[in-house]
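Survey of secondary and tertiary structure
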Amino acid sequence: MDLGEATTRSSEADDVLVSNIIRTTSYHRRDFDLAVITTNPEDHRLVRTSLTEDIHTTYSCLGKLEILPLETIHQICLLLDIWSLFRFRQVNRRARQVVSAIRSYKVIVNHALEALCITLRTNIATWFRLSDLFDVLCTIKCHFCGAFGGFVFLPSFRRCCFSCIQADGLPCVLVLSDVKHRIKQRLGRVCSPMPTVRTLPGTYSMDETVRKRRTEIVLSESISAIYLNDEVDETRVKRSKKTVLLPYMVTTSLPYFDYKSGVVQRGISCSGCQVALEKALRSSRVGSGACAMRDKVYSHDEFLDHFKACQEAQNIWKSRRRGSDNANFSEFVRRGGYFKRRDVIMSFNTF
Ligand SMILES: [Zn+2]
Ligand SMILES: [Zn+2]
């Protein structure tokens, strides 16, 4: 079968072929995931059972709420912010039963548990509803540039991509303590409530910078609103080395969930482009866009379009079909990107 044709047919056999092409010639950039807020998956394994538990029978009840139809109770639940919803869920087994039956809750717990736990741990859960998280989960493109986005920008709950995190493409954020005194001077009282992310200790950015202290981070535009339209000098703020790290400390990875097909995508990069870059480095003839191509993250459909034009990816596919074991052709691909000591440094349980 022609490789180009393989990506356009829709029969079941071709679907298998397409998934084989994706599995063989692409990989997920794990180093990007580790550059933003991340937590120990082991922690979630312990809570997953409790969050997904099916409660069939219970003798507890919701008191006066029980006179309402279940659909109405679900609608009320969806109007609560995530934090309040989880407080309600903790009331008794009946409350857990009711919340666990919400469709968007099931999807989020199954496919975005880490992001959900991070919204709770960073205190941003008080500002957004479960439906907000569900909407972001079902959005594929970066809100800021339109590329495939594998992350969520927590201060405004928008989907974003790693390029926007890395290349200053997100809205400006500030450390609250750096501007709090100016707000007090202006208003004569403690600042007004605004979406605030309380960061988690961890290792951030591709430089693997360790941050042990928790800080509160807010959107610059929220501060500007409190300043009564008096703009914060973002240019000056952005130049600070300390603030370059902030976008990484207020974002976390979030897969895309296709509601119609039930398929989950985390974003994939091209193994062929990495192999091409390694060959170019050996011959000292690295093209201007080689690194950008290597770092590009695709949706499945975007990758199949790229595959048709990427000679090196097709070479990998052909050699795999001839039976060659090319699993170890690139250490970078095997590891899912580049990181020096992050896996060793991360001390999850000290948070
Ligand atoms: Zn973007
Ligand atoms: Zn490629």
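Residues numbered from 1 in each chain as written. Chains lettered and ligands numbered in written order. Predicted model: local features only at pLDDT ≥ 70, side-chain atom pairs only at ≥ 80, totals over all residues.

The name that an unreviewed UniProt entry assigns to the protein chain is F-box domain-containing protein, with the source organism given as Aspergillus kawachii.

1. Quick word on the packing of helix 6 (residues 82-89) against helix 7 (residues 93-100)
Taken N-terminus to C-terminus, the directions of helix 6 and helix 7 make an angle of 135 degrees; their axes are 8 Å apart at the nearest point. Here helix 6 is positioned oblique relative to helix 7, judged by the angle of their axes. Contacts between helix 6 and helix 7 involve Leu-85, Phe-88 and Arg-89 from the former and Ala-95, Arg-96 and Val-99 from the latter. Among the residues making up the contact of helix 6 with helix 7, the classes are represented as 4 nonpolar, no polar and 2 charged. (Axes fitted to C-alpha atoms, helices over the stretch in contact; angles between N-to-C directions. Helix = DSSP H or I, 4+ residues; strand = E, 2+ residues; numbered from the N terminus. Parallel < 35°, antiparallel > 145°, perpendicular 65-115°, else oblique. Contact = placed C-beta atoms within 7 Å. Nonpolar A, V, L, I, M, F, W, Y, C, P; charged D, E, K, R; others polar.)

2. Describing the nonpolar core
Nonpolar side chains tend to gather and get buried jointly when the protein is soluble and globular. Core analysis: the largest hydrophobic core is formed by 71 residues, its most contacted members being Leu-133, Cys-160 and Cys-161. For this core, the leading source of residues is helix 10 (residues 130-137), giving 5 residues. Formed jointly, this core draws a minimum of three residues from each of two domains, domain 1 (162-252) and domain 2 (265-335). Ignoring anything within four residues of it in the chain, the contact list for Leu-133 reads Ile-82, Ile-108, Ala-112, Ala-115, Leu-116, Thr-119 and Phe-128. (Core = buried A, V, L, I, M, F, W, Y, C linked by C-beta atoms within 7 Å. Buried ≥ 20, exposed ≤ 12 C-beta atoms within 10 Å, placed from the backbone. Domains from an automatic or database assignment.)

3. Topic: the environment of Glu-302
Inspection of the secondary structure puts Glu-302 in helix 19 (residues 300-309). Look at Glu-302 and you get partly exposed, because 16 C-beta atoms sit within 10 Å. In this structure the C-alpha to C-alpha distance between Glu-302 and Ile-268, which are 34 residues apart in sequence, comes to 9.5 Å.

4. Describing helix 17 (residues 271-282)
The first and last C-alpha atoms of helix 17 sit 17 Å apart over 12 residues, in line with the 16 Å expected at 1.5 Å per residue. Those residues of helix 17 lying buried are Ser-271, Gly-272, Cys-273, Gln-274, Val-275, Ala-276 and Leu-277. Against helix 2 (12-25), strand 1 (26-27), strand 12 (269-270), helix 18 (290-295), helix 20 (311-321) and helix 21 (331-335) lie the buried residues of helix 17. Positive backbone phi, approximately 55 degrees, marks Ser-284, located one or two places after helix 17. (Expected span 1.5 Å × (residues − 1).)

5. Here's the deal with the sheet that holds strand 4 (residues 173-175)
Spatial ordering of the open sheet is given by 4-8-5, a layout of 3 strands whose pairing is antiparallel. A strand with exactly one partner marks an edge of an open sheet, and here the two such strands are strand 4 and strand 5 (196-198). The sheet shows a mean angle of 30 degrees between the axes of neighbouring strands, taken without regard to direction. By the bridge criterion, 3 bridges tie strand 4 to strand 8 (residues 216-219) in an arrangement that is antiparallel. Counterpart to Val-173 in the pairing with strand 8 is Leu-219. (Pairing = 2+ DSSP bridges.)

6. Focus: the sheet that holds strand 3 (residues 158-160)
The strands making up a sheet associate through backbone hydrogen bonding, with each pair oriented either parallel or antiparallel. Sheet architecture is open: 3 strands sit in the order 3-2-9, paired in antiparallel fashion. Edge positions in the open sheet fall to strand 3 and strand 9 (251-253), since each of these has one partner strand only. Sheet twist, expressed as the mean angle between neighbouring strand axes with direction ignored, is 35 degrees. With 3 bridges connecting them, strand 2 (residues 151-153) and strand 9 associate as antiparallel partners. Along strand 9, the bridge assignment pairs Val-152 with Thr-252.

7. Let's talk about the packing of helix 8 (residues 103-111) against helix 10
Look at helix 8 against helix 10: their axes get within 10 Å of each other, and the N-to-C directions meet at 60 degrees. Classified by the interaxial angle, the pair formed by helix 8 and helix 10 is oblique. The two elements helix 8 and helix 10 cross, and the hand of that crossing is left-handed. Here helix 8 contributes Ser-104, Tyr-105, Val-107, Ile-108 and His-111 to the contact with helix 10, which in turn contributes Leu-130, Ser-131, Leu-133, Phe-134 and Leu-137. A per-class count over the contact of helix 8 with helix 10 returns 7 nonpolar, 3 polar and no charged. (Left-handed = near helix turned anticlockwise from the far one by under 90°.)

8. Overview of unusual backbone geometry
Generally, phi is negative for residues other than glycine and the peptide bonds are trans, each holding for most cases. For Asp-168, which is not glycine, the phi dihedral falls at a positive 60 degrees. Counting through the fold element by element, Asp-168 comes out in the loop between helix 11 (162-166) and strand 4. On the basis of neighbour count, Asp-168 is assigned to the exposed category, with 10 C-beta atoms found within 10 Å.

9. Quick notes on the pairing of strand 8
Relative to strand 8, strand 5 is paired through 3 bridges, and the arrangement is antiparallel. Counted as the bridge partner of Val-197 is Ile-217 from strand 8.

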